[in-house]
Amino acid sequence: MRTLFEAATTYPVFPFTVALTVVVCFWLLVAVGAAHSGSFDDDADAELWGLGGVPVSVGFSLVTGTAWLGSLCATVLLHPLVLSGPVRALTGIAVLIAAPLFAWRVARVLVRPLHRLFPDEPGPSVPGEAPTGDAFGLRDADSQDPRRRTSRDIALRPRDRAA
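What comes next concerns the included structure. Residue numbers run consecutively from 1 along every chain, following the written order of its sequence. In view of the model being predicted, local features appear only for residues whose pLDDT reaches at least 70, and side-chain atom pairs are presented and counted only at 80 or more, with totals across whole chains, interfaces and linings using the full set of residues. As a convention, hydrogens and water are excluded, and side-chain values are obtained from all of the structure's heavy atoms.

## Points about the pattern of salt bridges
Here, a salt bridge means any side-chain nitrogen of Lys or Arg that lies within 4 Å of a carboxyl oxygen of Asp or Glu. Overall, the coordinates contain one salt bridge when judged by the stated rule. Its salt-bridge partner being Glu6, residue Arg2 comes within 2.9 Å of it at the nearest N-O pair. Taken together, the residues span about one helical turn, with Arg2 and Glu6 both in helix α1 (residues 2-8) at a distance of four residues. Classification of Arg2 by relative accessible area gives exposed; the value is 65%. Each helix corresponds to a stretch of at least 4 residues labelled H or I by DSSP, and each strand to a stretch of at least 2 residues labelled E; elements are numbered beginning at the N terminus. Relative accessibility under 20% of the residue-type maximum defines a buried residue, over 50% an exposed one, and the middle range a partly exposed one, all with a 1.4 Å probe and only protein chains included.

## Here we look at the environment of Trp49
Locating Trp49 in the fold gives a position in the loop between α2 (14-32) and α3 (56-78). Throughout, a contact is declared for two residues whenever any of their heavy atoms are within 4.5 Å. Here Trp49 is in contact with Trp104 and Arg108, once residues within four sequence places are set aside.

## Description of a nonpolar patch on the surface
A surface patch of nonpolar side chains, amounting to about 510 Å² of accessible area, comprises Tyr11, Leu90, Ile93, Ile97 and Leu101. On the secondary structure map, Leu90 appears in helix α4 (residues 85-114). Patch membership requires more than 30% relative accessible area and the absence of a salt bridge. Residues of like charge join within 9 Å; the nonpolar side chains Val, Leu, Ile, Met, Phe, Trp and Tyr join within 5 Å. Method for areas: the Shrake-Rupley scheme with a 1.4 Å probe, in which residue coverage is limited to the protein chains shown.

## Some remarks on the layout of surface pockets
Cavities and pockets are defined on a 1 Å grid built over the protein atoms alone: a cavity is a set of grid points where a 1.4 Å probe fits but cannot escape, while a pocket is an open set with protein on both sides within 12 Å along at least five of seven lines, and lining residues are those with an atom within 4 Å of any such point. Grid points are joined across faces, edges and corners, and a volume is the space filled by probe spheres set on the points. Put simply, the second largest pocket is a space of about 320 Å³. Throughout, the ten residues Ala, Val, Leu, Ile, Met, Phe, Trp, Tyr, Cys and Pro are labelled nonpolar, Asp, Glu, Lys and Arg are labelled charged, and all others, Gly among them, are labelled polar. Across the lining of the second largest pocket, the residue classes tally to eight nonpolar, six polar and two charged.

## Comments concerning the packing of aromatic side chains
The pairing test for Phe, Tyr and Trp rings, Trp by its six-membered ring, is centres within 6.5 Å, and the orientation test on the planes gives stacked under 30 degrees, edge-to-face over 60, and tilted for anything in between. Enumeration according to the criterion identifies two aromatic pairs in this entry. Ring geometry for Phe26 against Trp27: centres 5.2 Å apart, planes inclined by 70 degrees, an arrangement best described as edge-to-face. For Trp27, a relative accessible area of 28% puts it in the partly exposed group. Taking the centre distance of 5.5 Å and the plane angle of 45 degrees together, the rings of Phe26 and Phe40 count as tilted. Residue Phe26 is located in helix α2, and its partner Phe40 is located in the loop between α2 and α3; the two are separated by 14 residues in the primary sequence. An aromatic cluster is present here, built from Phe26, Trp27 and Phe40 joined pairwise through their rings.

## Let's talk about the packing of α2 against α3
Structural elements are reduced to axes, namely lines fitted to C-alpha atoms, with helices fitted over the stretch in contact, and the angle between N-to-C directions of any two is expressed from 0 to 180 degrees. Relative to each other, α2 and α3 sit at 140 degrees, their axes nearing to 9 Å. Crossing handedness for the pair α2 and α3: left-handed. Residues Phe16, Thr17, Ala19, Leu20, Val23, Phe26 and Trp27 of α2 form the contact with α3, whose own contacting residues are Ser57, Val58, Phe60, Ser61, Thr64, Gly65, Ala67, Trp68 and Ser71. Across the contact of α2 with α3, the residue classes tally to 10 nonpolar, six polar and no charged. Note: crossing handedness is left-handed where the near helix turns anticlockwise from the far helix by less than a right angle, and right-handed where it turns clockwise.

Put into structure tokens, the structure is as follows:
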């Protein structure tokens, strides 16, 4: 336990430990009702990073947790193998760069099945695939894709106007 604590509070893992502490505090605030899980959806575009379909906070939490775990495991496993100072510093830099990249790839895979739990979020888009309608993929004959509406579509038809 002491080895894990030392590894979590030392050089290559410490930035991820701080980020994980922020994530845990945020989810505690969500649990007590002081914050909402979709609080950051207007501020960031998760689709840009391939994490669309879930709130930004969920995607960021997955990346942060996976980066922390990956860097912690790499540090604990590589610590006995690397003895000299310069090699240890280079290994730390490699872990600091590789952990978030690895975590981002893992989070992209984990987000795919999770997007079904968040029907309000736009699903991950597949290039070349047409939109499927609502969250359940249903579409009736009169429905249109809301992203393709024009002012002509929004104008009231004569039968819809009040007399």
